[in-house]
Amino acid sequence: MTMPAMYQDAPRKIKAGRIVLFIGCILCFVSVVLHLGEFIYYLIPSENNPMNWTNPSLVFDCLKDPFLAVFYLLAGIGGICFIRDHHKMKEFCSLAGVIMLAVFVIGTVLMFRDLIKTSLTPGSNAGIIWGTFFGDLLGIQLSGGIYFIGWFMIKDYTGD
């Protein structure tokens, strides 16, 4: 990735912010693939498929994946446009950064609530509980957190 002229004399914090945001964009693209894969998995009927179409919570979990995939795709493209200082989707990076912060905070609270709630359920499997917890942690918390931090580090320098 070549550096635009505006970043040649930028402070070290701004250069580091570009790298952090770029990593967040890459993680957004990985999230696109994972959410689409999960959506396709839910749609394919099989014996191992946990999908129960009568459970509203599971239906919501399934139907949210395509929307999240589109959001992550736009966030990744917007972040790269923000880094490269292209004006086509640059504004979406700021919107995605603020949304990522809100989802990060709300997601973290809900993640810990689910961890506590499922841990207190009699006969629950600790491996599945902690696996779900760390999967959620690596999902929106990692990609969204890195994306937000990178955007926050360079947002004032790029003049969005």
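Residues numbered from 1 in each chain as written. Predicted model: local features only at pLDDT ≥ 70, side-chain atom pairs only at ≥ 80, totals over all residues. Heavy atoms only, no water.

Some thoughts on the side chain of serine 143
Thought 1: Along the chain, the position of serine 143 falls in helix α4 (residues 126-158).
Thought 2: Taking relative accessible area as the criterion, serine 143 reaches 2% and is therefore assigned buried.
Thought 3: Once residues within four sequence positions are removed from consideration, serine 143 is found in contact with Gly24, Leu27, Ser31, Tyr72 and Leu138. (Helix = DSSP H or I, 4+ residues; strand = E, 2+ residues; numbered from the N terminus. Buried < 20%, exposed > 50% of the residue type's maximum accessible area, 1.4 Å probe, protein only. Contact = heavy atoms within 4.5 Å.)

Considerations on the pattern of salt bridges
Thought 1: Within the structure shown, the criterion is met by two salt bridges.
Thought 2: Among the ionic pairs, lysine 64 bridges to aspartate 65, the shortest N-O distance being 3.6 Å.
Thought 3: A salt bridge links aspartate 114 to arginine 113, with the shortest nitrogen-to-oxygen separation between them at 2.9 Å.
Thought 4: On the basis of relative accessible area, aspartate 114 is assigned to the partly exposed category, the value being 30%. (Salt bridge = Lys/Arg side-chain N within 4 Å of Asp/Glu carboxyl O.)

Concerning helix α2 (residues 56-84)
Thought 1: The end-to-end C-alpha distance of α2 is 42 Å, a good match for the 42 Å that 29 residues give at a rise of 1.5 Å each.
Thought 2: Roughly 30° is the biggest bend found in α2, and it falls at aspartate 65, with proline proline 66 one to four residues downstream.
Thought 3: Just downstream of α2, aspartate 85 is the residue with a positive phi angle, here 60°. (Expected span 1.5 Å × (residues − 1). Bend = angle between axes of the 7 residues up to and from the residue.)

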